[in-house]
Amino acid sequence: MLPKKSLSQNFLRDADILRNIADEADSSDIIVEIGAGEGALTDTLAQKAKKVVALEFDRDLIPGLLNRFPLSSNVSVVETNILRTDIPETLRKHGWRDEPYALFGNIPYAITGKIIRLLVSLDPAPRTIVLMVQREVAERIVIKNGKQSLLSLAVALFGTPEILFLVPKEAFFPAPRVESAVLRITPDPNRLPIDKRESILRLAKIGFASKRKTLMNNFAAHREHPREIIEKILKIIGKPLNARAEELSKEAWTRLQETICRVDKS
């Protein structure tokens, strides 16, 4: 069937690239694949991994996937919306017993940020996350330009992102207008608890509210703390008064959140 523009569908069909992605899988893995599409990556992953739970939103693609992967195969096809899916619960319905699992997917570029925010908040966390994303987004996440974003901060608080390789437009049908990249995110075993990470991100959302404003002005506009308190906090964490949200590392954001909590309690 023809890909649907409304669902940002671009089917990956290059066999070499499919194999390169599947090389990130382990033979003992239970894999959740986001956006099974035609099943090309699903098939390649199934040859490497113990089991694949293939999630697909487009119900028109489900019959083809079920025909390609019968009940006797190591692939379970699930019709679902990833943004409304309880991934651990879905895994348990298909035989998962808290073993290491991995996440793979050629995800819709229009909702990349929402999907990644969901994945980095999973508990228990996957062994690895390997996603096909827009090249520009991948480069923002690994901070190649030296500027933090709300999405790159969410990923950094969870683990380490790495661009594995770039993917040409010709590898897809139809060819997208943008270049693509395969991004791997490896969870940090010493990462902060999810509630602490979410608290930092709520704070960062205020800091990133207006890109043209300084961090202090964004916080002052939010009116949760007086301007003089924000000035004091920035000095405590060693940041100038004209610092912008994009200039702060994950460590600086963590210190900022901890300092604000102490000020609120005093």
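Residues numbered from 1 in each chain as written. Predicted model: local features only at pLDDT ≥ 70, side-chain atom pairs only at ≥ 80, totals over all residues. Heavy atoms only, no water.

Asker: Explain the environment of S121 to me, and be specific about the residues and the numbers.
Answerer: Its place among the elements puts S121 in the loop between α5 (112-119) and β6 (128-134). Overall, S121 belongs to the partly exposed group, its relative accessible area being 28%. Sequence spacing of S121 and A154 is 33 residues, and the spatial spacing of their C-alpha atoms is 8.9 Å. If near-sequence neighbours (up to four positions away) are discounted, S121 is found in contact with I194 and E198. Within the structure, S121 has its side chain in polar contact with the backbone oxygen of R117 (distance 3.4 Å). (Helix = DSSP H or I, 4+ residues; strand = E, 2+ residues; numbered from the N terminus. Buried < 20%, exposed > 50% of the residue type's maximum accessible area, 1.4 Å probe, protein only. Contact = heavy atoms within 4.5 Å. Polar contact = N/O pair within 3.5 Å; in protein donor to acceptor, adjacent residues only side chain to side chain.)

Asker: Go over the nonpolar core with me, naming the residues and quoting the values.
Answerer: I87, Y101, L103, L119, W253 and L256 are the most contacted members of the largest nonpolar core, which totals 53 residues. Broken down by element, this core gets its largest block of residues, six residues, from helix α7 (residues 150-158). Contacts of L119, omitting those with residues within four sequence positions, involve I34, I87, L103, I129, L131 and F158. Core analysis: the second largest hydrophobic core is formed by 29 residues, I31, L65, Y109 and V167 among them. (Core = buried A, V, L, I, M, F, W, Y, C linked by side-chain atoms within 4.5 Å.)

Asker: How would you summarise unusual backbone geometry if you had to cite specific residues and measurements?
Answerer: Leaving glycine out, the prevailing phi sign among residues is negative, and the prevailing peptide bond configuration is trans. The step from D123 to P124 runs through a cis peptide bond, and the omega angle for that step is 5°. Here P124 lies in the loop between α5 and β6. The omega angle of the peptide bond from F173 to P174 is -10°, so this bond is cis rather than trans. With respect to the secondary-structure elements, P174 resides in the loop between β8 (172-173) and β9 (180-187). Phi is positive for D98, which is not a glycine, with a value near 65°. Inspection of the secondary structure assignment puts D98 in the loop between α4 (87-93) and β5 (101-106).

Asker: Run through the packing of aromatic side chains, naming residues and quoting values.
Answerer: Taken as a whole and assessed by the stated rule, the structure comprises two aromatic pairs. For the pair W96 and Y101, a centre-to-centre distance of 5.4 Å together with 75° between the ring planes defines the contact as edge-to-face. Both residues of the pair, W96 and Y101, belong to the buried class. (Phe/Tyr/Trp six-rings, centres within 6.5 Å; stacked < 30°, edge-to-face > 60°.)

Asker: Please give an account of the pairing of strand β2 (residues 30-34) that cites residues and values.
Answerer: Consecutive residues of a regular strand have side chains that alternate between opposite faces of the sheet. Burial within β2 is extensive, with five of its five residues counted as buried. Side chains of β2 alternate between two faces, with I30, V32 and I34 and I31 and E33 buried alike. With five bridges connecting them, β2 and strand β3 (residues 51-56) associate as parallel partners. Bridge pairing links I34 to L55 in β3. Read from β2 through helix α2 (residues 40-46) to β3, the crossover connection turns out right-handed. Across five bridges, β2 lies against β5 in parallel orientation. Counted as the bridge partner of I31 is A102 from β5. (Pairing = 2+ DSSP bridges. Right-handed = clockwise from strand over helix to strand, strands pointing away.)

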